[in-house]
Amino acid sequence: MDGAWLARMRWRRRGAWLWPTFVAATALDALIVHALPFLGDSQSLAGGTVAGLLFNLLVVLLLSRPLGAVLRRRRTDMPATVARNYGGTVAVLVVPVLLMALGLAHHRAIEDQRRMLDDAIIRAIAYIGDRAPDAFRANVRHTDTYTIQPGSVYRTCVPNAAGTRTYCVIVNTHMPLARSVVFGGYESNSLFAQGT
């Protein structure tokens, strides 16, 4: 009886990596999600911690038993509890890798949208500087851009010197340069956004 108890304690001590790994992986997940958010433009550390906790808990609940069962097929002498613990540990270690991959993929999309926005603003400034009335050309560097369709259609406005009116253009970055900018009216982007 004492020998079985000691063997069980030895296995439990060797297999007790799940929860320390869970805590460390959650902290790492928070840093990864904060640095490379997989949704939106940015994420706080608290939001990253919540996402890490959620994903880690889900993989422990869903994958620890199947991975433990696979491990027990190879190591028949291993108790089921220890195998489940090892399976959960492996599952938790995969989460930061997946979050990093998702964050990097999303980061590329964010960078592409920023490049398109910069391109749209440059096109709008060139059009306004060339064709807008003089009252608006003086403030061509004070643009306000509203995204209509991320990555392709933007509305850029420039105020007059008094700040009482705006001159707006719509830029479609997918159109050829000569036809990509059209006059968009005198309504400010704040009013335009309320109507969309």
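Let us look at the structure shown here. (Residues numbered from 1 in each chain as written. Predicted model: local features only at pLDDT ≥ 70, side-chain atom pairs only at ≥ 80, totals over all residues. Heavy atoms only, no water.)

1. Re the overall build of the chain
Keep this limit in mind: Labels follow the DSSP assignment, with helices taken as runs of H or I lasting at least four residues and strands as runs of E lasting at least two, numbered in each case from the N terminus. In this setup the radius of gyration rests on C-alpha atoms only. A globule is expected at 2.2 Å times the number of residues raised to 0.38. Classification of residues uses two cut-offs on accessible area relative to the type maximum, computed with a 1.4 Å probe and protein chains only: under 20% is buried, over 50% is exposed, and between them is partly exposed.
Across its full length, the chain carries six helices and four strands. Order of helices (α) and strands (β) in the chain, N terminus to C terminus: α-α-α-α-α-β-β-β-β-α. For 196 residues, the compact-globule estimate of 2.2 N^0.38 gives 16 Å, and the chain exceeds it by more than 25% at 28 Å. Looking at the 196 residues of the chain, the share that counts as buried comes to 34%.

2. Considering the sheet that holds strand 3 (residues 166-172)
Going by this rule: In this scheme, strands are said to pair when DSSP sees at least two bridges between them. Angles here are taken between N-to-C directions and fall from 0 to 180 degrees, while the axes themselves are lines fitted to C-alpha atoms, restricted in helices to the stretch in contact. The contact criterion used throughout is that any non-hydrogen atoms of two residues lie within 4.5 Å.
Spatial strand order, 1-2-3-4: four strands in an open sheet with antiparallel pairing. Edge positions in the sheet fall to strand 1 (144-149) and strand 4 (181-185), since each of these pairs with one other strand and no more. Direction aside, the axes of adjacent strands within the sheet are offset by 25° on average. Relative to strand 2 (residues 153-159), strand 1 is paired through five bridges, and the arrangement is antiparallel. Bridge pairing in strand 2 links Thr 145 to Thr 156. Running at roughly 130° to strand 3, helix 4 (residues 80-131) makes contact with strand 1, strand 2, strand 3 and strand 4 of the sheet.

3. Points about the pairing of strand 2
The buried fraction of strand 2 amounts to six of the seven residues, a majority that puts the element mostly inside the structure. The antiparallel hairpin formed by strand 1 and strand 2 contains three residues in its connecting segment, where Gly 151 sits at a positive phi of about 85°. Both strand 2 and strand 3 contribute to a ladder of seven bridges, which runs antiparallel. In the strand pairing of strand 3, Thr 156 is matched with Val 169.

4. Some remarks on a nonpolar patch on the surface
Spelled out, the test is: Only residues above 30% relative accessible area that lack a salt bridge enter a patch, with like-charged residues linked at up to 9 Å and the nonpolar side chains Val, Leu, Ile, Met, Phe, Trp and Tyr linked at up to 5 Å. We get accessible surface area from the Shrake-Rupley algorithm with a probe of 1.4 Å; when it comes to residues, only the shown protein chains can shield them. Each reported salt bridge corresponds to a side-chain nitrogen of Lys or Arg within 4 Å of a carboxyl oxygen of Asp or Glu.
A contiguous nonpolar patch, built from Leu 54, Leu 57, Leu 58, Leu 61, Leu 62, Leu 63, Leu 67, Val 90, Val 94 and Leu 98 and spanning about 890 Å² of accessible area, is present on the exposed surface. When residues of the nonpolar patch are traced back to their parent elements, those giving at least two are helix 3 (45-74) and helix 4. Of the residues forming the nonpolar patch, the biggest block, seven residues, is contributed by helix 3. Following the sequence through the fold, Leu 98 ends up in helix 4.

5. Considering the pattern of salt bridges
On inspection of all chains with the given rule, the structure shows six salt bridges. Asp 112 is paired through a salt bridge with Arg 115; the nearest N and O atoms lie 2.1 Å apart. Here the residue Asp 112 and the residue Arg 115 both occupy positions in helix 4, the gap between them amounting to three residues, near one helical turn.

6. Regarding the nonpolar core
Spelled out, the test is: For the purposes of this section, nonpolar cores are sets of buried Ala, Val, Leu, Ile, Met, Phe, Trp, Tyr and Cys residues that join through side-chain atoms within 4.5 Å.
Of all hydrophobic cores here, the largest spans 14 residues; its most connected members are Tyr 127, Ile 128, Ala 132, Tyr 167, Val 169, Val 171 and Val 181. Looking at this core, the elements that each hand over two or more residues are helix 4, strand 2 and strand 3. Among the elements that take part in this core, helix 4 stands out by supplying five residues, more than any other. Beyond its immediate sequence surroundings of up to four residues, Val 169 is in contact with Ala 124, Tyr 127, Ile 128, Tyr 154, Arg 155, Thr 156, Val 181, Val 182, Phe 183 and Gly 184. If you look at the next biggest cluster of nonpolar residues, it comprises eleven residues, including Leu 18, Ala 25, Val 60 and Val 92.

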